[in-house]
2 protein chains.
Amino acid sequence: MTHHLPVGFRFAGVGAGIKASGKKDVTLIVSDTPAAAAGVYTQNQVVAAPVVLCRGRTPLNDARAVVINSGNANACTGAQGAADAARMCEIVASCYASDVQPEQTLVMSTGVIGHFLPMEKVEAGIRQAASQLDGSQQAFLDASDGILTTDIGRKVTTRECRIGGRTVRIAGIAKGAGMIGPNMATMLCCVFTDAPLSAAQAQHMLSVAANKSFNNISVEGHTSTNDTMVLLANGQAGGAEFSDREQAEFAEHLEAMCIELAKQIPTDGEGATHLIEVRVSGAASEADARKISHTVASSNLVKTAVYGCDPNWGRIVSAAGYAGVPIESPKLCLKINGIALFENGEPLAFDAKAASASIKNNRTTLVELAVGQGDGACTHWTSDLTVAYVEFNSEYTT
Amino acid sequence: MTHHLPVGFRFAGVGAGIKASGKKDVTLIVSDTPAAAAGVYTQNQVVAAPVVLCRGRTPLNDARAVVINSGNANACTGAQGAADAARMCEIVASCYASDVQPEQTLVMSTGVIGHFLPMEKVEAGIRQAASQLDGSQQAFLDASDGILTTDIGRKVTTRECRIGGRTVRIAGIAKGAGMIGPNMATMLCCVFTDAPLSAAQAQHMLSVAANKSFNNISVEGHTSTNDTMVLLANGQAGGAEFSDREQAEFAEHLEAMCIELAKQIPTDGEGATHLIEVRVSGAASEADARKISHTVASSNLVKTAVYGCDPNWGRIVSAAGYAGVPIESPKLCLKINGIALFENGEPLAFDAKAASASIKNNRTTLVELAVGQGDGACTHWTSDLTVAYVEFNSEYTT
């Protein structure tokens, strides 16, 4: 499989010894020319040092680099943590003489909370990564591996698209599999493109895409201290800025790719045996649909029912009822994997064995809930709640 | 153990065959004289028929009876369900010629969602219960057993107290162990007293007590369609209405008893090995403290950590951070079972083995989080999240 890598970006991922396992734990991504950069961050009020730093820097007109370490979240680390995050950017800049400034560098961390970064290892790792930077397929994959923690699978997506007669390329990498155990925290996502975007355009499109993708996924609903998503656009595809119509086309691609990456997180959720896709339609507003889909997807009873291959409509309907938005029971209609279970507020007779088999035989369980009030719609993706999740997250770790 | 039963109440609990197990499933409680009655109900918008009926009747000046069935929630049952709930009250009234009116009767149901009540069995059960009504200790315990579903233990509390030179008695029964599997729904609680209260007084005191007790517990946070709590006060202890000061004394007893009953639910939570008591103090307001304690108590990562006897402060602090209220990290202080783990936003060195042993060796885990902003405090009780919970709730049930 060939990945469509944007022009003018180089990548590296190395093992710096931050993770005891020896796996890759420092990733560096550099744009050869200044890039517009946008960021979307965790809504947790307890935030890690790198989040504070990046939040202050984006949107940014002339970003050059993103440096990421895994194995340590640099969260709950006070003034030392803030200094270490800033220092990571300085180290990157120092690898490029006067070509890259610390202020042109974004930084992310993911891993255990409450421990100071081993800065000697981090510095050696960044310098090694800088020396290995490359635009190759392998370098891109190394970079995507360097940000993983408890993830089982690598999470990447790329595409090449024609927009207004121009070819542009977009590439994204992500990580996340839970809030995460042992003490791990974070979902991270970096998207890179050679399309010509201003920082304001990038910020707007990234915020919209985040709202349709990473803001609509959960594993256990525990918002981490480190969640970060950035978009870098260096314009190396050439040509003038996008027209409104071209921007809209680009935004569609961006959103689709973010959804694709986002869905990989609950699919790879700790102990998960199913991806649950909760599609709510007919709500009074999109905000209402979001609350309902999020509440259904967050119910441990819904998540254990899917794990048990149980088409348990009572748990879904009752979860919708406590989402905090007006619900008219007599208008509710529910389908699981296309099988109608509940219509206009009344349970239907259905083939329970067939419905259960359908859950059992598909990795994705599709829950469609129509609430009959308006045009508001939202889709939320989550993992099921399994014995393996509890075992994994209850192992003694401190 | 002798229970202090209020004067003028009679009880019965019988097996009517609604539960396949043959266990008691119809409870009847009658006050010999008209009683002031108050109710507090589920905040779910999908509500069972008996909730709709009772919500319309309370506060009530002249209640005479409470009838409860377990084994069937009479939820999501449409017009037929509403008729059946009303019919249960009519059956009770018919057992007393013109002495008790249907409108003087409250009704509750708990059990499986989406099935019509087997009204022949229900009617026979109510008539049998009416014929067995008794003020004895055994009759009280039978009544408390008749409302249980997946509960392992019976949940009762009674006390006799001197208020302003008068002796009054208060008795409470409750049920609940989860939202609940297989398809079970509901926490129920009935409190009876021979104290002289008006319906308005009863309603006010019950609402306040609910806010400190049953509104602060969770097993998995799935708000059911049937949650109901009622207070009946028949004044049989004699004497005039309470003075303001006596009312306050009574309210303190009521609140303490409600907390005692409420805590029994997560203690008996499905698969639970620990009761987790989350005490938040120093919040800007009580509402903020409530949001923080509820969010920490609802985190699957916090709940699995306690199951694993892991003093995982990172999960607790980060959960506080996404409670949706302003948090100042540098002011956060956290103790688990009295052991300080986190102070003024920084992790402390602590004896991890001793902290883990303390969780392991106590049924209750005490989490104390001080947020350093004001006087707002709230305590929330929940159960830990265990492998047994997931197994229990994922068994195929439809």
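Computed from a predicted model, the values in this text were never measured in an experiment. (Residues numbered from 1 in each chain as written. Chains lettered and ligands numbered in written order. Predicted model: local features only at pLDDT ≥ 70, side-chain atom pairs only at ≥ 80, totals over all residues. Heavy atoms only, no water.)

### Some points on the overall build of chain A
And then number 1: Looking only at helices and strands, one finds 11 helices and 16 strands in chain A.
And then number 2: Against the globule reference of 21 Å for 398 residues, chain A gives a C-alpha radius of gyration of 22 Å, in line with a compact fold.
And then number 3: By principal-axis analysis of the C-alpha atoms, chain A measures approximately 70 × 55 × 40 Å.
And then number 4: Looking at chain A as a whole, 62% of its 398 residues qualify as buried. (Helix = DSSP H or I, 4+ residues; strand = E, 2+ residues; numbered from the N terminus. Rg over C-alpha atoms; globule rule 2.2 N^0.38 Å. Buried < 20%, exposed > 50% of the residue type's maximum accessible area, 1.4 Å probe, protein only.)

### Quick look at the state of the cysteines
And then number 1: Under the criterion given, the structure shown has 0 disulfides over all chains.
And then number 2: No disulfide involves Cys333(B); its sulfur sits 13 Å from that of Cys76(A), the nearest cysteine. (Disulfide = S-S within 2.5 Å.)

### Considerations on the UniProt feature "active site" (unreviewed entry) in chain A
Residue and element names in this part refer to chain A.
And then number 1: If you check UniProt for "active site" (unreviewed entry), the listed places come out as Thr-186 in our numbering.
And then number 2: Within the fold, Thr-186 resides in the loop between β7 (184-185) and β8 (188-193).
And then number 3: Owing to a relative accessible area of 1%, Thr-186 belongs among the buried residues under this scheme. (UniProt positions renumbered as here; feature names shortened; annotations may be inferred.)

### Quick look at the UniProt feature "binding site: substrate" (unreviewed entry) in chain A
Residues and elements named next belong to chain A.
And then number 1: Per the UniProt entry, the sites bearing "binding site: substrate" (unreviewed entry) are Thr-149, Lys-175, Thr-186, Glu-270, Asn-393 and Thr-398 in this numbering.
And then number 2: Inspection of the secondary structure assignment puts Thr-149 in the loop between α4 (137-145) and β5 (155-163).
And then number 3: Assessed through its relative accessible area of 18%, Thr-149 is described here as buried.
And then number 4: Residue placement: Asn-393 occurs in helix α11 (residues 387-394).

### Here we look at the pattern of salt bridges
When the charged atoms of two side chains lie near each other, side chains of opposite charge can form a pair.
And then number 1: Taken as a whole and assessed by the stated rule, the structure comprises 36 salt bridges over all chains.
And then number 2: Taken together, the shared-partner salt bridges in this structure form one network comprising Arg87(A), Glu90(A), Glu123(A) and Arg127(A). (Salt bridge = Lys/Arg side-chain N within 4 Å of Asp/Glu carboxyl O.)

### Looking at the domain arrangement of chain A
All names here are of chain A.
And then number 1: When cut into domains, chain A gives domain 1 (9-267) and domain 2 (275-394).
And then number 2: Here the C-alpha centroids of domain 1 and domain 2 sit 32 Å apart.
And then number 3: In this complex, domain 1 contributes 14 residues to the contact, which on the side of domain 2 involves 16 residues.
And then number 4: Carbon and sulfur atoms make up 47% of the area that domain 1 and domain 2 hide from each other, which totals about 1300 Å². (Domains from an automatic or database assignment. Contact = heavy atoms within 4.5 Å. Buried area = accessible area lost by both parts, 1.4 Å probe.)

### Looking at the relation of the copies chain B and chain A
And then number 1: Between chain B and chain A, the superposition needs a rotation of 180 degrees and an axial shift of 0.0 Å, giving an RMSD of 0.0 Å. One copy is carried onto the other by what is essentially a two-fold rotation axis. Every residue of chain B has its C-alpha some distance from the rotation axis, and the shortest such distance is that of Val387(B), at 2.6 Å.
And then number 2: Here 98% of the interface residues in chain B have copies in chain A that are interface residues too; the copies meet face to matching face. (Least-squares fit on C-alpha atoms with pLDDT ≥ 70 in both.)

### Some thoughts on the side chain of Asn234(A)
All names here are of chain A.
And then number 1: Here Asn-234 is to be found in the loop between β10 (228-233) and α6 (244-267).
And then number 2: Polar side-chain contacts of Asn-234 include one of 3.3 Å to the side chain of Ser-31.
And then number 3: Leave out the neighbours within four places in its chain, and Asn-234 touches Val-7, Gly-8, Phe-9, Ser-31, Thr-33, Pro-34, Ala-35, Thr-193, Asp-194 and Ala-195. (Polar contact = N/O pair within 3.5 Å; in protein donor to acceptor, adjacent residues only side chain to side chain.)

### Brief notes about the sheet that holds strand β9 (residues 217-218) of chain B
Residue and element names in this part refer to chain B.
And then number 1: Pairing in this open sheet of 7 strands is mixed, and the strands run β9-β16-β11-β15-β12-β13-β14 from one edge to the other. One side of each edge strand has no neighbouring strand; the edge strands of this open sheet are β9 and β14 (346-347).
And then number 2: Note that strand β13 (residues 339-343) and β14 share 2 bridges and pair antiparallel. By the bridge assignment, Phe-342 is partnered in β14 with Pro-347.
And then number 3: This element, helix α7 (residues 286-298), spans β9, β11 (275-283), β15 (364-370) and β16 (376-383) of the sheet and lies at about 20 degrees to β16. (Pairing = 2+ DSSP bridges. Axes fitted to C-alpha atoms, helices over the stretch in contact; angles between N-to-C directions.)

### Structural notes on empty space enclosed by the protein
Where empty space is left becomes clear once a probe the size of a water molecule has been rolled over the atoms.
Residues and elements named next belong to chain A.
And then number 1: Scanning all chains against the criterion turns up 1 cavity of 30 Å³ or more.
And then number 2: Computed from the structure, the largest cavity encloses a volume of approximately 60 Å³.
And then number 3: Taken together, Val-302, Ala-305, Val-306, Asp-310, Pro-311, Asn-312, Arg-315, Ile-316, Ile-336, Ile-359 and Val-367 form the lining of the largest cavity.
And then number 4: Every element with two or more residues in the lining of the largest cavity is listed here: α8 (300-307) and α9 (313-321).
And then number 5: If one sorts the elements of the lining of the largest cavity by residue count, α8 sits on top with 3 residues. (1 Å grid on protein atoms, 1.4 Å probe; cavity = no way out; pocket = protein on both sides within 12 Å on 5 of 7 lines; lining within 4 Å. Points joined across faces, edges and corners; volume = space filled by probe spheres on them.)

### Some points on the interface of chain B and chain A
And then number 1: Of the residues lining the interface, 61 residues belong to chain B; the matching set on chain A comes to 61 residues.
And then number 2: Taken over both partners, the interface formed by chain B and chain A buries close to 4500 Å², and the fraction arising from carbon and sulfur atoms is 58%.
And then number 3: At the surface where chain B touches chain A, the tally comes to 0 salt bridges.
And then number 4: For the pair chain B and chain A, the number of links is 13 residue pairs in polar contact (both at pLDDT 80 or more).
And then number 5: Residue assignment for the side of chain B that touches chain A shows that the elements contributing at least two residues are α8 (300-307), α9 (313-321), β14, α10 (352-360) and α11 (387-394) of chain B.

### Quick look at unusual backbone geometry
Across residues other than glycine, the phi torsion is negative in most instances, and most of the peptide bonds are trans.
And then number 1: The peptide bond linking Thr58(A) to Pro59(A) adopts the cis configuration, its omega dihedral lying at -5 degrees.
And then number 2: With respect to the helices, strands and loops of the structure, Pro59(A) is situated in the loop between α1 (49-57) and β3 (60-72).
And then number 3: At Cys309(B), a residue that is not glycine, the phi angle is positive and equals roughly 55 degrees.
And then number 4: On the secondary structure map, Cys309(B) appears in the loop between α8 and α9.

### Description of the nonpolar core
And then number 1: Among the nonpolar cores identified, the biggest contains 76 residues, and Phe214(A), Met229(A), Phe250(A), Phe214(B), Met229(B) and Phe250(B) are the most heavily contacted of them.
And then number 2: Beyond its immediate chain neighbours, meaning those up to four positions away, Phe214(B) contacts Ala174(B), Met187(B), Cys189(B), Met229(B), Cys258(B), Leu261(B), Ala262(B) and Ile265(B). (Core = buried A, V, L, I, M, F, W, Y, C linked by side-chain atoms within 4.5 Å.)

### Considering α7(B)
And then number 1: Over its 13 residues, α7(B) runs 18 Å from end to end, which matches the ideal 18 Å to within 8%, given 1.5 Å per residue.
And then number 2: Buried residues of α7(B): Asp288(B), Ala289(B), Arg290(B), Ile292(B), Ser293(B), Thr295(B), Val296(B) and Ala297(B), and no others. (Expected span 1.5 Å × (residues − 1).)

### Quick word on the environment of Pro311(B)
And then number 1: Within the secondary structure, Pro311(B) sits in the loop between α8 and α9.
And then number 2: Using a relative accessible area of 0% as the deciding quantity, one classes Pro311(B) as buried.

### Some words on the packing of helix α5 (residues 199-212) of chain B against helix α6 (residues 244-267) of chain B
Residue and element names in this part refer to chain B.
And then number 1: The interhelical angle for the contact between α5 and α6, taken along N-to-C directions, is 40 degrees, at an axis separation of 9 Å. Relative to α6, the element α5 lies oblique. The element α5 and its partner α6 pack so that their crossing is right-handed. Contacts between α5 and α6 involve Gln-201, Met-205, Leu-206, Val-208, Ala-209 and Lys-212 from the first element and Gln-247, Phe-250, Ala-251, Leu-254, Glu-255, Cys-258 and Ile-259 from the second.
And then number 2: Residue composition of the contact of α5 with α6, by class: 9 nonpolar, 2 polar and 2 charged. (Parallel < 35°, antiparallel > 145°, perpendicular 65-115°, else oblique. Left-handed = near helix turned anticlockwise from the far one by under 90°. Nonpolar A, V, L, I, M, F, W, Y, C, P; charged D, E, K, R; others polar.)

### Digging into the sheet that holds strand β11 (residues 275-283) of chain A
Sheet strands associate in pairs through backbone hydrogen bonding, adopting either a parallel or an antiparallel arrangement.
Residues and elements named next belong to chain A.
And then number 1: The 7 strands lie next to each other as β9-β16-β11-β15-β12-β13-β14, forming an open sheet whose pairing is mixed. On the outer flanks of this sheet lie β9 (217-218) and β14 (346-347), each paired with one strand and no other.
And then number 2: Lying over the sheet, α9 contacts β12 (333-336), β13 (339-343), β14 and β15 (364-370), oriented at roughly 135 degrees with respect to β12.

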